[in-house]
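# Residue-level structural notes
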Amino acid sequence: MKLVSITATSLSIPFNVAFRHASAERSATQSLWVEARAHDGTAGYGEGCPREYVTSESIASAQAFVHAHTAQWIEAIHDTNTLGDWVARHRDAIDANPAAWTAVELALLDLLGKCERQSVESLLGLPELSGRFRYTAVLGDSGTAELSAQLAHYRRAGFSAFKIKLSGDRDRDAAKVAALTAAGVEAQAVRADANNLWQDADTAIRALEALGYSFFALEEPLPAGDYEGMNRLAAALETRIILDESLLRADQLDRLPGPAERWIANLRISKMGGVLRSLDLVRALRSRSLQLIIGAHVGETSVLTRAALTVAHSARDILIAQEGAFGTHLLARDVAEPPLMLGRGGILDSSAMNLSASGFGLAIVPIPAANI
């Protein structure tokens, strides 16, 4: 393959409803959109989600990263071997710009697949997609009436796993727990995401004990990287810890104290720096007997949803949950037609879609200028 151009723009698509958690409130996507073209005009597409509070990236910094390296990529990357070589030799650059590189890597993988007339799975020597993927119902930090309505909708739709965003406000969070209980949701079916709410383990333990609800696991209850504090919290509450902002690179797994079963990784493709690095993390987790959730940033389009399926399918032996795939349930429009999104019961059935076509197998539709 001969690359001739790589362009990066900001993608903004309104949400059908605003989504709030402890770190941010969003009413539209905040994504980097990359298009890579080969000499014959074939195009590949990629998406990344820069988040200041996760990887310290912004849309501006992501675009600057792409601009700074475009000429080098066009010269150096021709196939999966040269792509993997660039990733291996530029670890520090990707560590500092994971979402930006994710958008580029996805566009290149999509383009390589199309040029070679292979799926991305075939390109990477992975099993072709098959079977069903079950997604979690995610409840934002909304008021009691709105949350109850969301919960009732999810229950009618047949969802069996839930993730709730905590606010740190005792009454507000107690109302959420009461709504879950009233809806007949078992505590072991619920994960709570605190988005680094509490500054120390003792404060978090008191706040969570006051709720009187035995969540299956707690995601990022303390400042990112406070592994000792989170280990102590998990032991005190007899629960598990999900690592998100505290797990940006595979080498951070070496810092985890306590038993392996106490920890669960939340792998978001954009946070990890693409599919290749995500697959490396899966191998590292498997070697340490750690389990995995495939997560998602709020507002991901079908492109990141599709990339996450590549990783999820390769990790079914350690995968315990998936997030995302909301498509036009959340977005006013998607970049793919049909959009790749969950159905009843949170199920996405890959056998019902042509996702093993060349590249990522998505039909990308023209994006209105107002959304770029």
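Below you will find a few notes about this structure. Values in this document were obtained by computation on a predicted structure and should not be read as measured data.

For the rest of this paragraph, the subject is the environment of lysine 2. Mapped onto the elements, lysine 2 comes out in the segment before strand 1 (3-11). Once the C-alpha coordinates of lysine 2 and aspartate 79 are considered, the two residues, 77 residues apart in sequence, prove to be 9.1 Å apart. With sequence-adjacent residues up to four places away left out, lysine 2 is seen in contact with Arg37, Ala38 and His39.

This brings us to the sheet that holds strand 5 (residues 43-48). Spatial ordering of the open sheet is given by 1-4-5, a layout of three strands whose pairing is antiparallel. Each end of this open sheet is capped by a strand with a single partner; those strands are strand 1 and strand 5. The mean inter-strand angle of the sheet, taken between neighbouring strand axes irrespective of direction, is 20 degrees. Here strand 1 runs beside strand 4 (residues 31-38); their pairing, made up of eight bridges, is antiparallel. Looking at strand 4, one finds that serine 10 is bridged to leucine 32. Here helix 2 (residues 59-76) sits on the sheet in contact with strand 1 and strand 4, set at roughly 175 degrees to strand 1. Its contacts with the sheet place helix 5 (residues 98-116) against strand 1, strand 4 and strand 5, and it is angled at close to 155 degrees to strand 5.

A word on the packing of aromatic side chains. One pass over the full model with this rule turns up seven aromatic pairs. An aromatic cluster of three or more residues is present, and its members are Phe65, Trp73, Trp86 and Trp101. Between arginine 316 and the ring centre of phenylalanine 133, over which it is positioned, the NZ or CZ distance is 4.1 Å.

Turning to the nonpolar core, a few remarks are in order. Within the largest apolar cluster, 113 residues are counted, with the highest numbers of intra-cluster contacts made by Trp73, Trp101, Leu108, Phe162, Phe215, Leu267 and Leu292. For this core, the element with the most residues is helix 5, which contributes ten residues. Core analysis: the next-biggest nonpolar cluster, separate from the first, contains five residues, Ala217, Ile242, Ile264 and Ala321 among them.

Procedures and definitions
- Residues numbered from 1 in each chain as written.
- Predicted model: local features only at pLDDT ≥ 70, side-chain atom pairs only at ≥ 80, totals over all residues.
- Heavy atoms only, no water.
- Helix = DSSP H or I, 4+ residues; strand = E, 2+ residues; numbered from the N terminus.
- Contact = heavy atoms within 4.5 Å.
- Pairing = 2+ DSSP bridges.
- Axes fitted to C-alpha atoms, helices over the stretch in contact; angles between N-to-C directions.
- Phe/Tyr/Trp six-rings, centres within 6.5 Å; stacked < 30°, edge-to-face > 60°.
- Lys NZ or Arg CZ within 6 Å of the ring centre and 35° of its normal.
- Core = buried A, V, L, I, M, F, W, Y, C linked by side-chain atoms within 4.5 Å.
- Buried < 20%, exposed > 50% of the residue type's maximum accessible area, 1.4 Å probe, protein only.

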